[in-house]
Amino acid sequence: MNMPATKIEVETATPAGASAPVVAMTLKRPPRREAYARMARETAVRVIPPLVVIALLTLVWELVCRRAGSALPPPSKVFRDTKELIFDPFFDHGGIDKGLFWHLSASLQRVALGYSLSAIAGIALGVLVGQSVWAMRGLDPLFQVLRTIPPLAWLPLSLAAFRDGQPSAIFVIFITSIWPIIINTAVGIRNIPQDYRNVAAVVQLNPLEFFGKIMIPAAAPYIFTGLRIGIGLSWLAIIAAEMLIGGVGIGFFIWDAWNSSHISEIILALFYVGIVGFVLDRLIAGLGKIVTRGTAQN
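Given the structure is predicted, the values throughout are model-derived calculations rather than measurements.

What counts, and at which threshold
Residues numbered from 1 in each chain as written. Predicted model: local features only at pLDDT ≥ 70, side-chain atom pairs only at ≥ 80, totals over all residues. Heavy atoms only, no water. Bend = angle between axes of the 7 residues up to and from the residue. Helix = DSSP H or I, 4+ residues; strand = E, 2+ residues; numbered from the N terminus. Buried < 20%, exposed > 50% of the residue type's maximum accessible area, 1.4 Å probe, protein only. Contact = heavy atoms within 4.5 Å. Salt bridge = Lys/Arg side-chain N within 4 Å of Asp/Glu carboxyl O. Phe/Tyr/Trp six-rings, centres within 6.5 Å; stacked < 30°, edge-to-face > 60°. Lys NZ or Arg CZ within 6 Å of the ring centre and 35° of its normal.

Novice: How do you make sense of helix H2 (residues 75-87) when you look at a structure like this?
Specialist: Count 3.6 residues to each turn of an α-helix, and residues three or four apart come out pointing the same way. Remark: the principal bend of H2, roughly 55°, maps to Asp81. Among all positions of H2, only Pro75, Val78, Thr82 and Leu85 are buried. Along its buried surface, H2 packs onto helix H1 (32-65), helix H3 (100-131), helix H9 (250-259) and helix H10 (263-292).

Rendered as structure tokens:
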């Protein structure tokens, strides 16, 4: 964000007995009200256009779906049908009869565990593949084949292996999100400038010091690009997996609403899914910006 320019005032004075005037510069900052007004204008430029687009799309949706014979409900009917879920997301009547907060919370817990495991393993394998030519030749073809397998194709195998829905869902998240992390980390390691390696050799950094001071900082923008892709795939995978494994979770909530012909509840759940996915992406992007000091992609 560009802050208002600071004004500089120059004052001259000639002390007694001096042959030349002395120049004194004082900094004069713009009024705080002007700074706030500038921030408000910049925020409006970012916020108003998407709000206008959303309002227009909602209006079109309302006009199209209010016609007789429409298969989907208009926004006004969605709100009437789901206002109890909107205003009371924390109710818990036992079993799977819970508010949306609890379904989202259960899904996020699975994503947090599976994604954390994939981030740790993905960065480690990416460093190995990027640093070792032999590892790249041996593992990269295998990774390229495995990453093309759809997430749900892993679910029957994981259910057969773990015989429980919870670890199976976590495994699906892990195996889905790990590939972009590995690939982007490996690309970042391979793209470390040779000058950095030469400096490390001159100052005689040991492998651990080279990893912490050269390798990870230089490859961080690539790593966080992979992490952003991975978090999006994790959220996609858990929604699909929960539709099949059942239990508490936003994916199962959507599937249960479909079986009950509650289309309005499905639309509301999809809205929450999109918002949560956006927030997760922004969190990883913000963390990447802090760690890489603005060099990671936004």
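Continuing now.
Novice: Sorry, what's going on with the pattern of salt bridges here?
Specialist: Scanning the model with the defined rule gives seven salt bridges in all. Its salt-bridge partner being Lys77, residue Asp81 comes within 2.7 Å of it at the nearest N-O pair. Here Asp81 pairs with Lys77, and both are found in helix H2, just four residues apart, close to one helical turn. Measuring nitrogen to oxygen at the nearest pair gives 2.8 Å for the salt bridge that ties Arg228 to Asp281. One end of the pair, Arg228, is in helix H8 (residues 207-245); the other, Asp281, is in helix H10, with 53 residues separating them in the sequence. The network of salt bridges with shared partners includes Arg228, Asp281 and Arg282.

Novice: Sorry if this is basic, but what is going on with the packing of aromatic side chains here?
Specialist: Within a pair of aromatic rings, the relevant descriptors are the distance that separates the centres and the angle that separates the planes. Counted by the stated rule, this structure contains seven aromatic pairs. For the ring pair Phe79 and Phe87, a centre distance of 6.1 Å and an interplane angle of 85° mean the geometry is edge-to-face. Accessibility expressed as a relative area gives 42% for Phe79, which makes it partly exposed. For the pair Phe143 and Trp179, a centre-to-centre distance of 5.6 Å together with 45° between the ring planes defines the contact as tilted. With Phe143 in helix H4 (residues 133-146) and Trp179 in helix H6 (residues 165-190), the pair connects residues that are 36 residues apart, well separated along the chain. Between Arg137 and the ring centre of Trp134, over which it is positioned, the NZ or CZ distance is 5.8 Å.

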